[in-house]
Amino acid sequence: MPIGRVKITFRELMEKVVIIGTGCAGLTAALYTARANLQPLVLTGLQPGGLLTTTSIVENYPGFPEGIDGYELMTRMQKQAERFGARVKFGTVDAVDFSKQPFVLTVDGEPVESETIIIASGAGHRHIGLDSEAKLEKKGVTFCATCDGALPMFRHHPLVVVGGGDSACEEAMYLTRFASVVYLVHRRDSLRASRIMAERTLANPKVKPIWDSVVTEVLDVKLDKVTGVKLKNVKTNAESTLDCAGLFVAIGHTPNTKIFKGVIDMDENGYIIPKRGTATNVPGVFVAGDCSDHVYRQAITAAGLGCAAAIDAERYLAARNE
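Let me sum up the structure you'll find in this document. Here the structure is a predicted model, which means the values were calculated and not measured.

## Brief notes about the packing of helix 2 (residues 24-35) against helix 3 (residues 70-83)
The relative placement of two packed helices comes down to the angle between their axes together with the axis-to-axis distance.
Right, so step 1: Contact geometry of helix 2 with helix 3 gives a least axis separation of 8 Å together with a crossing angle of 20°. One way to sum up the angle between helix 2 and helix 3 is to call them roughly parallel. Considering how the two elements wind past one another, helix 2 and helix 3 form a crossing that is left-handed. Here helix 2 contributes Cys 24, Leu 27, Ala 30, Leu 31 and Ala 34 to the contact with helix 3, which in turn contributes Met 74, Met 77, Gln 78, Gln 80 and Ala 81.
Right, so step 2: Residues of the contact of helix 2 with helix 3, tallied by class, amount to eight nonpolar, two polar and no charged.

Pasting the structure below:
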């Protein structure tokens, strides 16, 4: 078989674009690269649709004046990208080799080669870091109110939400549908949430803020279920115990970038640092969304970055193949 024939076959088997992640950034990148006839392969990771699928109502994404369910929004985005030729595959990237072209991803044990990569792996829920928190996870400790708040174990009982941002406020508000009372524990004396979210949350009679406090232990590991939390006031060091049936942790996110450590430049917190536009330190590898954005972290900004990464990847391929 002629060498030229072998080369053509190899090129046909290699992807032009592989997108890691199916949140707003990944699916927007998929839409733009698909419309550019690049037939992107989109890998879902462990959470297809990203964290937005756990949000009950999205009110700040343009085009939906009445709001839209997070899962429905991501489903619509995926269908739109697929309409133009994007291929969405359930798979998790185990390892990467960006040392040479083509790039090689190990996806569920199988190699996938591509000329370009768009990292849109998003971020995961940050944990408090307590041993008792880990032992009682899924036994009353949870990181998603919309996923777990309606469970019988939480209904008509006091619940605790830890955090002070928009996510914590949304969790607390959602839980008021089921809980007898929702204690919102925050280490500061005011919420970091947007003004409208903070005002709405604090105006709810079922939400009781507990300021200047942190959770130091989750009770009770011996009973194998959550019965309460131990609190410490950061200003007075006073300790107290608060009875509850569940602990909902909403203290931010950690970027899903561990597999790129040592290969892609990132800051001390694991957020990938773009060099120019969405380009990383490895030519042909681009980044978009919450895995690189620790400032805005909004669905619309993630989508915008996904668009930018797709355009950057398209231009890179055009220049490379001239």
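Structure shown, so let's carry the discussion forward.
## Some details on the sheet that holds strand 12 (residues 213-219)
Think of a sheet as strands paired side by side through backbone hydrogen bonds, with each pair either parallel or antiparallel.
Right, so step 1: Judged by pairing direction, the sheet is antiparallel, and its three strands sit side by side in the order 12-13-14 without closing on themselves. Pairing within the sheet leaves two strands with one partner each, and these edge strands are strand 12 and strand 14 (239-243). On average, each strand axis in the sheet is tilted by 30° relative to the strand beside it, whichever way the strands run.
Right, so step 2: Looking at chain direction, strand 13 (residues 228-233) and strand 14 are connected through five bridges and run antiparallel. Bridged to Gly 228 within strand 14 is Asp 243.

## A few points about the packing of aromatic side chains
Right, so step 1: The full count for this structure, using the stated rule, is six aromatic pairs.
Right, so step 2: Relative to Phe 260, the ring of Phe 98 has its centre 6.3 Å away and its plane inclined at 15°; by these criteria the two rings are stacked. One end of the pair, Phe 98, is in the loop between strand 4 (93-97) and strand 5 (103-107); the other, Phe 260, is in the loop between strand 16 (253-255) and strand 17 (285-287), with 162 residues separating them in the sequence. For the pair formed by Phe 98 and Phe 260, the shared burial category is buried.
Right, so step 3: Sitting above the plane of the Phe 84 ring, Arg 35 keeps its charged end 5.0 Å from the centroid.

## Points about the sheet that holds strand 10 (residues 181-185)
Right, so step 1: Ordered in space as 8-15-9-10-11, the five strands form an open sheet in which the pairing is parallel. Only two strands of the sheet have a single neighbouring strand rather than two, namely strand 8 (141-142) and strand 11 (207-210).
Right, so step 2: Both strand 9 (residues 158-162) and strand 15 (residues 246-249) contribute to a ladder of four bridges, which runs parallel. Looking across to strand 15, one finds that Leu 159 is bridged to Gly 246.
Right, so step 3: Its contacts with the sheet put helix 6 (residues 166-175) on strand 9, strand 10, strand 11 and strand 15, and the angle it makes with strand 9 is roughly 170°.

## Re unusual backbone geometry
Right, so step 1: Cis peptide bonds are those with omega within 30 degrees of zero, and the linkage from Gln 101 to Pro 102 qualifies with -5°.
Right, so step 2: One can find Pro 102 in the loop between strand 4 and strand 5.
Right, so step 3: The residue after Leu 219, namely Asp 220, is reached through a cis peptide bond having omega 10°.
Right, so step 4: Here Asp 220 shows up in the loop between strand 12 and strand 13.
Right, so step 5: Positive phi, close to 50°, is recorded for Asp 108, a residue that is not glycine.
Right, so step 6: Along the chain, the position of Asp 108 falls in the loop between strand 5 and strand 6 (110-119).
Right, so step 7: If you check the backbone angles, Lys 138 has positive phi at about 70° while not being a glycine.

## What about the side chain of Asn 233?
Right, so step 1: Residue position: Asn 233 is located in strand 13.
Right, so step 2: Within the local environment of Asn 233, its side chain forms a polar contact with the backbone nitrogen of Thr 236, the two atoms lying 2.9 Å apart.
Right, so step 3: The contacts of Asn 233, once residues within four sequence positions are left out, are Trp 211, Asp 212, Ser 213 and Ala 238.

## A word on the environment of Ala 250
Right, so step 1: By the secondary structure assignment, Ala 250 is in the loop between strand 15 and strand 16.
Right, so step 2: C-alpha separation for the pair Ala 250 and Arg 177, spaced 73 residues apart in sequence, amounts to 18 Å.
Right, so step 3: Apart from the residues within four sequence positions on either side, Ala 250 is in contact with Val 162, Gly 163, Gly 164, Ser 167, Ala 168 and Glu 171.

## A few points about the environment of Tyr 174
Right, so step 1: For Tyr 174, the location among the structural elements is in helix 6.
Right, so step 2: Spatially, the C-alpha atom of Tyr 174 lies 11 Å from that of Val 161, the residues being 13 residues apart in sequence.

## A word on helix 3
Right, so step 1: Given a rise of 1.5 Å per residue, 14 residues ought to cover 20 Å, and the 20 Å separating the end C-alpha atoms of helix 3 matches this to within 8%.
Right, so step 2: All of the buried residues in helix 3 are Gly 70, Leu 73, Met 74, Met 77 and Ala 81. The arc that holds every buried residue of helix 3, seen down its axis, measures 95°, which confines them to one face. Those residues of helix 3 that are exposed and aimed more than 90 degrees away from the buried face are Tyr 71, Lys 79 and Arg 83.
Right, so step 3: Against helix 2 lie the buried residues of helix 3.
Right, so step 4: Among the residues trailing helix 3, Gly 85 stands out with phi positive, at a value near 110°.

Thresholds applied
- Residues numbered from 1 in each chain as written.
- Predicted model: local features only at pLDDT ≥ 70, side-chain atom pairs only at ≥ 80, totals over all residues.
- Heavy atoms only, no water.
- Axes fitted to C-alpha atoms, helices over the stretch in contact; angles between N-to-C directions.
- Helix = DSSP H or I, 4+ residues; strand = E, 2+ residues; numbered from the N terminus.
- Parallel < 35°, antiparallel > 145°, perpendicular 65-115°, else oblique.
- Left-handed = near helix turned anticlockwise from the far one by under 90°.
- Contact = heavy atoms within 4.5 Å.
- Nonpolar A, V, L, I, M, F, W, Y, C, P; charged D, E, K, R; others polar.
- Pairing = 2+ DSSP bridges.
- Phe/Tyr/Trp six-rings, centres within 6.5 Å; stacked < 30°, edge-to-face > 60°.
- Buried < 20%, exposed > 50% of the residue type's maximum accessible area, 1.4 Å probe, protein only.
- Lys NZ or Arg CZ within 6 Å of the ring centre and 35° of its normal.
- Polar contact = N/O pair within 3.5 Å; in protein donor to acceptor, adjacent residues only side chain to side chain.
- Expected span 1.5 Å × (residues − 1).
- Arc of directions from axis to C-beta.

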